[in-house]
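Residue-level structure breakdown
Chain by chain, the residues:
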Amino acid sequence: MSADVLVLNRNFYAIHITPWQRALSLVYLDHARVVDEEYRTYNFDDWRELSQLTHAPSTSGFITTPTFRIAIPDVIALRGYDKLPVGDVKFTRRNIYEHYSFRCCYCGGKFTTHELNLEHVLPRSRGGKTDWTNIVTACVPCNLRKADRLPDEAGMKLLIRPTKPKWRGSASLVFKAPYKIKASWQRFIDNVYWNVELED
């Protein structure tokens, strides 16, 4: 079973997504409370009791043990954590593709992840670093054409310069595949913020 749970800080600000196993552990250890659609919170025992009702208090399903069954929560709130996520966008393949909108920075075409490569503007063989200031996305034909040269040497021009995306609070968290935003998360996550385009 694969069910993800939205994690809020104690101020009900969305900060993370976690697997259901971790979420139930946090609730069981009293580090978090389950949050329902009406903003009511439940400790583990209350949530287990509520789970015995015929109507499912969750859309994620149930876990059955030898002695009881418990609903997998959709949302939990941490009890002692009120900070916001670190203010830096992680340098990951997914974030790089998102930052450049799945476009080739040389030809400008939009591609799937299978048709894009991460490309060093200054080749590694010439001392180029693997960081936000030297990595762009390139389609396979453009990547092969540029090869181990500078763009000028290959007769190519960068249409989109390498930049580091700015942290924009919740908008900087990426909820793309494999995560799907659940209806029960909507009141905690505003799609306008999640889908805002990153600035240079």
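Our structure's up above, just so we're on the same page.
The present account deals with the structure reproduced in this document.

Scoring rules and cut-offs
Counting restarts for each chain, with residues numbered from 1 along the sequence as it is written. Reporting of local features is limited, given that this is a predicted model, to residues whose pLDDT is at least 70; pairs of side-chain atoms are given and counted only at 80 or more, and all residues count toward the totals for whole chains, interfaces and linings. The side-chain figures draw on all heavy atoms in the structure; neither hydrogens nor water molecules are used. The way it works is that DSSP assigns letters per residue, a run of H or I at least four long becomes a helix, a run of E at least two long becomes a strand, and they are numbered from the N terminus. Per-residue accessibility, obtained with a 1.4 Å probe over protein chains only, is compared with the maximum for each type, and a residue is labelled buried under 20%, exposed over 50%, and partly exposed between these values. We call two residues in contact whenever any of their non-hydrogen atoms come within 4.5 Å of each other. Per-residue and other accessible areas follow the Shrake-Rupley method at a 1.4 Å probe size, with only the shown protein chains counted as cover for residues. Two strands form a pair only when DSSP identifies at least two bridges running between them. Any two rings among Phe, Tyr and Trp, with Trp reduced to its six-membered ring, count as a pair given centres within 6.5 Å; such a pair is stacked if its planes are under 30 degrees apart, edge-to-face if over 60, and tilted if neither. Salt bridge, as used here, is a side-chain nitrogen of Lys or Arg placed within 4 Å of a carboxyl oxygen of Asp or Glu. Here the arc refers to the directions that run from the helix axis out to each C-beta atom. In these notes, a set of buried Ala, Val, Leu, Ile, Met, Phe, Trp, Tyr and Cys residues joined through side-chain atoms within 4.5 Å is what counts as a nonpolar core.

Let's shift gears to the overall build of the chain. When helices and strands are counted, the chain shows five helices and nine strands. Put simply, the chain runs from its N terminus to its C terminus through helices and strands in the order β-β-α-β-β-α-β-β-β-α-β-β-α-α. A burial count over the chain gives 39% of its 200 residues as buried. Taking as baseline every contact in the chain between residues at least 6 positions apart, the subset at least 24 positions apart corresponds to 60%. Accessible surface, the chain: about 11,800 Å² in total, of which carbon and sulfur atoms supply 51%.

Turning our eyes to something else, we now look at the sheet that holds strand S7 (residues 75-78). Spatially, S2-S1-S7-S3-S4 is the arrangement adopted by the five strands of the open sheet, whose pairing is mixed. Each edge of the open sheet is held by one strand with a lone partner, namely strand S2 (14-19) and strand S4 (41-42). As paired elements, strand S1 (residues 4-8) and S2 share five bridges and run antiparallel to each other. Bridge assignment links Val5 to a residue of S2, and that residue is Thr18.

So, on to the packing of aromatic side chains. Under the definition given, this model contains six aromatic pairs. Both rings, one in Tyr28 and one in Phe44, keep their centres 5.0 Å apart while their planes meet at 85°; by these two values the pair is edge-to-face. You can see Tyr28 sitting in helix H1 (residues 20-28) and its partner Phe44 sitting in helix H2 (residues 44-51), a full 16 residues away along the chain. Given a relative accessible area of 57%, Tyr28 falls into the exposed group. Assessed through its relative accessible area of 12%, Phe44 is described here as buried.

Despite not being glycine, Asp30 shows a phi value in the positive range, around 65°. Within the secondary structure, Asp30 sits in the loop between H1 and strand S3 (32-35). Under the relative-accessibility criterion, Asp30 is labelled partly exposed at 34%.

This paragraph deals with the pattern of salt bridges. Enumeration according to the criterion identifies seven salt bridges in this entry. We note a salt bridge from Arg33 to Asp30, for which the minimum N-O separation is 3.2 Å. Since its relative accessible area comes to 22%, Arg33 is described here as partly exposed. Between Arg48 and Asp45 there is a salt bridge, and its shortest N-O distance comes to 3.7 Å. Placement of the pair is Arg48 and Asp45 together in helix H2, with a separation of three residues, close to one helical turn.

A separate point is H1. Note on helix geometry: an α-helix contains 3.6 residues per turn, so any two residues three or four positions apart are oriented the same way. Burial in H1 covers these residues: Trp20, Ala23, Leu24, Leu26 and Val27. Seen from one end, H1 has its buried residues packed into an arc of 160°, which puts them on one side. Of the residues flanking the end of H1, it is Asp30, one or two places downstream, whose phi is positive at about 65°.

Here Glu38 shows up in the loop between S3 and S4. Judged by its relative accessible area of 56%, Glu38 is exposed. Sequence-wise, Glu38 and Arg187 are 149 residues apart; in three dimensions their C-alpha atoms are separated by 9.9 Å.

Along H2, the positions that sit buried rather than exposed are Phe44, Trp47 and Ser51. One face of H2 carries all of its buried residues, which in axial projection span an arc of 65°. Each element contacted by the buried residues of H2 is listed here: H1, S3, S4, strand S5 (62-64) and strand S6 (69-71).

What follows deals with the nonpolar core. The biggest cluster of nonpolar side chains holds 21 residues, and the ones touching the most others in it are Trp20, Ile70 and Ile76. Of all the secondary structure elements, the ones that give two or more residues to this core are S1, H1, S3, H2, S6 and S7. Looking at this core element by element, the count peaks at five residues for H1. Leaving out residues up to four positions away in the same chain, Ile76 has contacts with Val5, Leu6, Val7, Leu8, Ala23, Leu26, Val27, Ala32, Arg33, Val34 and Val35. One finds Val89, Tyr100, Cys105 and Cys142 within the second-largest nonpolar core, a separate group that totals 16 residues.

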